[in-house]
Amino acid sequence: MDRTVKTSTRVIEHIVLLKSKERAPTEQQDAMVSGLRSLKSLPMVIELNAGKVAHASSEGYTHALHCRYRSKDDLASYANDPYHLDVINKCIVPIVEDRLALDWEADVEEPVLQSGSYGAVRILTMKPKQELANSEIEGTIDALKEYTSKFSFVKQVSAGKNFSPARAKGYEWAYLAMFPSTKELAELINSDGYKGLHSKVSSIMEKFNIVDYHTA
């Protein structure tokens with residue numbers, strides 16, 4: 001029996017989903033992804049990935065960004081950093097017609113993953129039905145998270161309640177899972193257990209959006 005004690009650390013998760021304009025040139029879309037990835041150089045960022053969505057999401061998002069920070073103060077510093085604002089104005093504003101962002105606190109296992117150690121990410125954004133109790137919502141999302149964690153190839157899983165509603169478009173919860181590649185992601189989502197939990201989660205949601213993307 002494996003008696004290794006796993007340690008975790010508290011992080012702030014930040015995701016942004018972007019919808020590029022229909023006629024946005026490929027070169028500009030590629031430049032946007034490169035610009036987003038360059039934000040990892042900022043000192044308050046402990047992890048960052050960005051990429052093009054692998055298949056059309058239900059709400060038409062085409063690109064995704066995920067960042068991690070040690071604290072809410074670091075997230076605020078990132079949001080106001082001149083280089084970050086410059087990337088937004090030069091790379092995002094000219095070609096993006098819509099975006100949403102969510103932030104949540106999570107305890108993730110050490111070590112905190114670094115770009116290059118995984119190749120695909122799945123993000124779920126969720127708005128539960130109003131009549132549901134918090135305990136039911138939390139229990140269902142925790143079950144999905146725990147099931148995902150059972151797969152040895154899953155690099156990391158995170159889920160939590162959004163604390164920044166201004167740009168969330170009504171979404172209140174988020175789930176994120178990291179994989180070596182889209183091959184392992186497909187293995188997870190095609191498993192009977194995941195299908196059942198995924199169906200249960202979606203059944204209690206008023207809004208539910210899925211984004212899968214490559215990180216390199």
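Position numbers for residues count from 1 along each chain, tracking the sequence in the order it is written. Local features are withheld for residues below a pLDDT of 70 in this predicted model, meaning they are given only at 70 or higher, and side-chain atom pairs are given and counted only at 80 or more; totals for whole chains, interfaces and linings count all residues. Side-chain figures throughout are based on the complete set of non-hydrogen atoms in the structure, without hydrogens or water.

Taking an unreviewed UniProt entry as the reference, the protein is identified by name as Stress-response A/B barrel domain-containing protein belonging to Ceratopteris richardii. UniProt positions are given in the numbering used here, feature names are shortened, and annotations may be inferred rather than shown by experiment. UniProt, in the comment section headed Subunit (unreviewed entry), describes the protein in these words: "Homodimer."

Trainee: Would you take a moment to explain the sheet that holds strand β3 (residues 63–69) for this structure?
Mentor: Within a sheet, each strand pairs with its neighbour through backbone hydrogen bonds, oriented either parallel or antiparallel. Two strands form a pair only when DSSP identifies at least two bridges running between them. In this description a helix means any DSSP run of H or I spanning at least four residues, a strand means any run of E spanning at least two, and both kinds are numbered starting from the N terminus. Read across the sheet, 4 strands follow the order β2-β3-β1-β4 without closing on themselves; strand pairing throughout is antiparallel. Since the sheet does not close on itself, it has two edges, and those belong to β2 (47–52) and β4 (96–109), each with one partner. Strand-to-strand twist across the sheet, computed as the mean angle between neighbouring axes with direction ignored, equals 15°. Where strand β1 (residues 8–20) and β3 come together, 7 bridges link them in antiparallel fashion. The residue of β3 that forms the bridge with leucine 18 is histidine 63. For every element, the axis is a line fit to its C-alpha atoms; helices are fit only across the contacting stretch, and the angle between N-to-C directions ranges from 0 to 180 degrees.

Trainee: Where do I start with the UniProt feature "domain: Stress-response A/B barrel" (unreviewed entry) in the protein in this structure?
Mentor: In the numbering adopted here, UniProt assigns the feature "domain: Stress-response A/B barrel" (unreviewed entry) to residues 12–104 and 120–213. Secondary structure across residues 120–213 divides into 38% helix and 33% strand, with the first and last C-alpha atoms of the span separated by 6 Å.

Trainee: Mind showing me how you'd approach the pairing of β2 here?
Mentor: Looking down a regular strand, the side chains alternate between one sheet face and the other. Exposure is judged per residue with a 1.4 Å probe applied to protein chains only, and the accessible area is read against the type maximum: over 50% gives exposed, under 20% gives buried, and values in between give partly exposed. Most of β2 is tucked away: 5 of the 6 residues are buried. Where β2 meets β3, 6 bridges bridge the pair, whose relative direction is antiparallel. Paired with asparagine 49 across the two strands is histidine 66, which belongs to β3.

Trainee: Is there a simple way to think about the layout of surface pockets in this case?
Mentor: Rolled over the atoms, a probe as big as a water molecule pinpoints where empty space is left. Every definition here rests on a 1 Å grid over the protein atoms only: cavities are sets of points where a 1.4 Å probe fits but cannot get out, pockets are open sets enclosed by protein on both sides within 12 Å along at least five of seven lines, and lining residues have some atom within 4 Å of a point. Grid points are joined across faces, edges and corners, and a volume is the space filled by probe spheres set on the points. Taken as a whole, the largest pocket spans an internal volume of roughly 240 Å³. Forming the walls of the largest pocket are 13 residues, and the residues nearest its centre are Glu109, Ser149, Lys155, Gln156 and Val157. Looking at the lining of the largest pocket, the elements that each hand over two or more residues are β4, α4 (134–149) and β6 (156–161). At 3 residues, β4 tops the list of elements feeding residues into the lining of the largest pocket. A class-by-class count of the residues in the lining of the largest pocket yields 4 nonpolar, 4 polar and 5 charged. Space inside the second largest pocket adds up to approximately 170 Å³. Forming the boundary of the second largest pocket are 15 residues, of which His14, Val16, Tyr78, His84 and Arg167 lie nearest the centre. Broken down by secondary-structure element, the contributors of at least two residues to the lining of the second largest pocket are β1, α2 (72–80), α3 (82–92) and β4. Under the convention adopted here, Pro, Cys and the residues Ala, Val, Leu, Ile, Met, Phe, Trp and Tyr are nonpolar, Asp, Glu, Lys and Arg are charged, and Gly plus all remaining residues are polar.

Trainee: Got a minute to help me understand the environment of lysine 40 in this structure?
Mentor: Mapped onto the fold, lysine 40 is located in the loop between α1 (26–38) and β2. Along the sequence, lysine 40 and cysteine 67 sit 27 residues apart, while their C-alpha atoms lie 8.3 Å from each other. Counted as a polar contact is a pair of N or O atoms within 3.5 Å, where, for protein atoms, one must be capable of donating a hydrogen and the other of accepting one, and residues adjacent in sequence contribute only when both atoms are in side chains. At a separation of 3.4 Å, a polar atom in the side chain of lysine 40 contacts the side chain of glutamate 47.

Trainee: Explain the packing of aromatic side chains to me, please; I cannot follow it from the model alone.
Mentor: For any pair of aromatic rings, the description rests on two quantities: the centre-to-centre distance and the angle between the ring planes. To pair, rings of Phe, Tyr and Trp, with the six-membered ring standing in for Trp, must have centres within 6.5 Å; the planes then decide the type, stacked if under 30 degrees apart, edge-to-face if over 60, and tilted in the middle. Under the definition given, this model contains 3 aromatic pairs. Ring centres of tyrosine 147 and phenylalanine 151 lie 5.4 Å apart, and the angle between their planes is 70°; this geometry places the pair in the edge-to-face category. Centre to centre, the rings of phenylalanine 151 and phenylalanine 153 are 5.4 Å apart; their planes meet at 50°, and the pair counts as tilted. The class of phenylalanine 151 is buried, set by a relative accessible area of 18%. One cation-aromatic arrangement involves lysine 72 over phenylalanine 163; the distance from NZ or CZ to the ring centre is 4.3 Å. Put simply, a charge is over a ring when the Lys NZ or the Arg CZ is close to the ring centre, within 6 Å, and near the line of the ring normal, within 35 degrees. Cation over ring: lysine 207 sits above tyrosine 171, and NZ or CZ is 4.3 Å from the ring centre.

Trainee: Explain the sheet that holds strand β7 (residues 173–179) here, please?
Mentor: Reading across from one edge, β6-β7-β5-β8 is the order of the 4 strands in this open sheet, with antiparallel pairing throughout. Where the open sheet ends on each side, the last strands, each with one partner, are β6 and β8 (205–214). When the angles between neighbouring strand axes are averaged without regard to direction, this sheet yields 10°. Pairing between β6 and β7: 6 bridges, direction antiparallel.

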